[in-house]
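# Results of the structural survey
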Amino acid sequence: MTDLSADIALSGKRAIGRAVYQNRALSKAGLSERLFALLFSGLVYPQIWEDPEVDMAAMELDETHRIVTIASGGCNVLAYLTRQPARIDAVDLNTAHVALNRLKLAAFQTLPSHADLLRFFGVAGNRANGEAYKRFIAPKLDAQSRRHWEKRGLLGRARITAFNGNFYKKGLLGFFIAASHAVARLYGVNPAEIMKARSMREQRVFFEDHLRPLFDKSLVRWATSRKASLFGLGIPPAQYDSLITAGNGTMADVLSSRLEKLACHFPLKENYFAWQAFARRYPAPDEAALPAYLEQKNFAALKAAADRVTVHHANLVDMLRAKPAHSVDRYVLLDAQDWMNDEQLNTLWSEITRTAAPGARVIFRTAAAPTLLPGRVSKRILDQWTYEKIRSRELSASDRSAIYGGFHLYVKSA
């Protein structure tokens, strides 16, 4: 894990701004973009909200593969590592996400046991985590990541103390979920009550009786009609515009549909995304499935392979430009392309195509259902790729996080 420059925080904010800004600063749209960029410069995703099981099925990972992925909260990077790929380059513009990824990798390399790891990342409220950080993890971290986690806030507490409580209530996503619960309680609904369901039928009944009606409330419909209301989901203004096309013209209806999938389409025992959304925590090992990187069976393998991951604080295109031709086998773009204009998309796919090995695979998600590439990325570039339309639809349906409208798989021609 390489060290970072001293001005990483400032450069990170500037880089996020360059990725988001598409309108004049003093325009309404421009002000909205700049507010999002400011909020996005801090912690957004304590947990990544793309299903890694879907990713790994699409990528068909093996031990020879070299992966480039956007890092986000780091859960999926570690999930991919359970398949023991040759190399993972994780890239992110957000300094908090870079620090979180490096913290997780250092924890695997230094914490003595799976129980220590689970206490740190899987269980809410353990004051021993602060001491574990000082004794085991901190000496392994690069200087900038240590400064990030040891920096004190307005109340005098270091950031790392968030792991003494429930870290997954932090960040923009944590705030969004907390606010959603608060609004539901205003109308007499406790979303956590769905966790009492013992079958998918009971999940459906709870959703139809208690959760779906919330989206007909005037306050909810008014709030979700404002683009800033979804900043807590990490959705910038451009992606909001794409997302709203997935419904009948109102964001409340789009969100109701996505929440229905999360609440009703998968057994709670198999969906840790639902546990975080409704219970605000991960399940205990005997309650339901955990993220792959927290499962005991993967601890030894991840501990041994953690040095195969390099975390880059950089723009994805800049990182790809530094790579040789035909040197990458798998690309994970998350939903980043929803943020991009046509010029940015063509620049990205030009570098992806140059660096892609024969048979390389690219996966990404979109707010709306259709793939966004045709008509926007040069035909000369896209003709070198095959869009796996049927497989993409199958994988989209099986994505437990239920946030996105579409999952997409492209395969490079040999």
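Only a predicted model underlies this, so the values are computations on that prediction, with no experimental measurement involved. (Residues numbered from 1 in each chain as written. Predicted model: local features only at pLDDT ≥ 70, side-chain atom pairs only at ≥ 80, totals over all residues. Heavy atoms only, no water.)

Scanning the protein from N- to C-terminus turns up 19 helices and seven strands. Considering the protein as a whole, with its 414 residues, one finds that 55% of them fall into the buried category. If you take every contact in the protein between residues at least 6 apart in sequence, the share linking residues at least 24 apart comes to 73%. (Helix = DSSP H or I, 4+ residues; strand = E, 2+ residues; numbered from the N terminus. Buried < 20%, exposed > 50% of the residue type's maximum accessible area, 1.4 Å probe, protein only. Contact = heavy atoms within 4.5 Å.)

A word on helix 14 (residues 272–279). Buried residues dominate helix 14, accounting for seven of its eight residues. When helix 14 is considered as a whole, its buried residues turn out to be Y272, F273, A274, W275, Q276, A277 and F278. Looking at the buried positions of helix 14, the neighbouring elements they touch are helix 3 (52–59), helix 9 (171–186), helix 10 (200–211) and helix 13 (251–264). Where helix 14 begins, the capping side chain belongs to N271, and its oxygen is found 3.1 Å from the backbone nitrogen of F273. Downstream of helix 14 by one or two residues, R280 has phi in the positive range, about 65°. (Polar contact = N/O pair within 3.5 Å; in protein donor to acceptor, adjacent residues only side chain to side chain.)

Let us now look at the sheet that holds strand 6 (residues 385–387). Reading across the sheet, the seven strands line up as 3-2-1-4-5-7-6 and stay open at both edges, with mixed pairing between neighbours. With one partner strand each, in any of the chains shown, strand 3 (309–313) and strand 6 form the two edges of the open sheet. Geometrically, the sheet is characterised by an average inter-axis angle of 20° between neighbouring strands, direction not taken into account. When strand 5 (residues 356–366) meets strand 7 (residues 406–412), the two strands line up antiparallel, connected through six bridges. (Pairing = 2+ DSSP bridges. Axes fitted to C-alpha atoms, helices over the stretch in contact; angles between N-to-C directions.)

Next up on the list: the packing of aromatic side chains. Taken as a whole and assessed by the stated rule, the structure comprises 17 aromatic pairs. Pairing F364 with Y410 gives two aromatic rings, centres 5.8 Å apart and planes at 15°, and the pair type is stacked. Residue F364 is found in strand 5, and its partner Y410 is found in strand 7; the two are separated by 46 residues along the sequence. The structure contains a cluster of three or more aromatic residues connected by ring pairs, namely W49, F120, F121, W149, F163, F167, Y168, Y272, F273 and Y282. (Phe/Tyr/Trp six-rings, centres within 6.5 Å; stacked < 30°, edge-to-face > 60°.)

Quick look at the environment of V189 now. The topology assignment puts V189 in the loop between helix 9 and helix 10. With 21 residues separating them in the primary sequence, V189 and H210 have C-alpha atoms 6.4 Å apart.

Our next topic: the nonpolar core. The biggest cluster of nonpolar side chains holds 129 residues, and the ones touching the most others in it are L103, F120, F121, W149, F278 and W349. Take this core: its biggest share by element is nine residues, from helix 5 (residues 95–110). Beyond its immediate chain neighbours, meaning those up to four positions away, F278 contacts H181, P191, A192, I194, M195, L211, L259, L262 and A263. (Core = buried A, V, L, I, M, F, W, Y, C linked by side-chain atoms within 4.5 Å.)

We now examine empty space enclosed by the protein. For the coordinates displayed, the defined rule picks out three cavities of 30 Å³ or more. Counted as a void, the largest cavity has a volume near 50 Å³. Residue classes in the lining of the largest cavity are distributed as five nonpolar, two polar and one charged. (1 Å grid on protein atoms, 1.4 Å probe; cavity = no way out; pocket = protein on both sides within 12 Å on 5 of 7 lines; lining within 4 Å. Points joined across faces, edges and corners; volume = space filled by probe spheres on them. Nonpolar A, V, L, I, M, F, W, Y, C, P; charged D, E, K, R; others polar.)

Attention now goes to the confidence of the model for the protein. The predicted structure's coordinates, where accompanied by low pLDDT, should not be read in detail. Mean pLDDT over the protein stands at 90; residues scoring 70 or higher make up 88%. pLDDT under 50 marks residues 1–13. Its contacts with residues more than four places away, or in other chains, come to 27 contacts. (pLDDT = per-residue confidence, 0-100.)

All of the buried residues along helix 7 (residues 128–137) are N129, G130, A132, Y133 and I137. Axial view of helix 7: buried residues confined to an arc of 160°, hence all on one face. When the buried face of helix 7 is taken as reference, the exposed residues oriented beyond 90 degrees from it are K134 and R135. (Arc of directions from axis to C-beta.)

This paragraph deals with the pattern of salt bridges. By the definition in use, this model includes 24 salt bridges. A salt bridge links R365 to D55, with the shortest nitrogen-to-oxygen separation between them at 2.9 Å. Here D55 lies in helix 3 and R365 lies in strand 5, a separation of 310 residues in the sequence. We note that R365, like D55, is buried. Sharing partners across several salt bridges, the network here consists of R204, E208, R212 and E260. (Salt bridge = Lys/Arg side-chain N within 4 Å of Asp/Glu carboxyl O.)

The next point concerns a nonpolar patch on the surface. Taken together, L186, Y187, L219 and W222 make up a surface patch of nonpolar side chains, about 430 Å² in accessible area. With respect to the element layout, L219 can be found in helix 11 (residues 218–224). (Patch = residues over 30% accessible without salt bridge, like charges linked within 9 Å, V, L, I, M, F, W, Y side chains within 5 Å. Areas by Shrake-Rupley, 256 points an atom, 1.4 Å probe, with all protein chains shown as cover.)

Here E193 shows up in the loop between helix 9 and helix 10. For E193, a relative accessible area of 32% corresponds to the partly exposed category. Sequence separation of E193 and A279 is 86 residues, and the distance between their C-alpha atoms is 8.3 Å.

If a residue is not glycine, its phi is most likely negative; likewise, a peptide bond is most likely trans. Of note, the phi angle at S72 is positive, near 50°, even though the residue is not glycine. Structurally, the position occupied by S72 is in the loop between strand 1 (66–70) and helix 4 (75–81). Judged by its relative accessible area of 5%, S72 falls in the buried class. Here L334, not a glycine, exhibits a phi torsion of approximately 50°, which is positive. Following the sequence through the fold, L334 ends up in the loop between strand 4 (328–332) and helix 17 (342–355).

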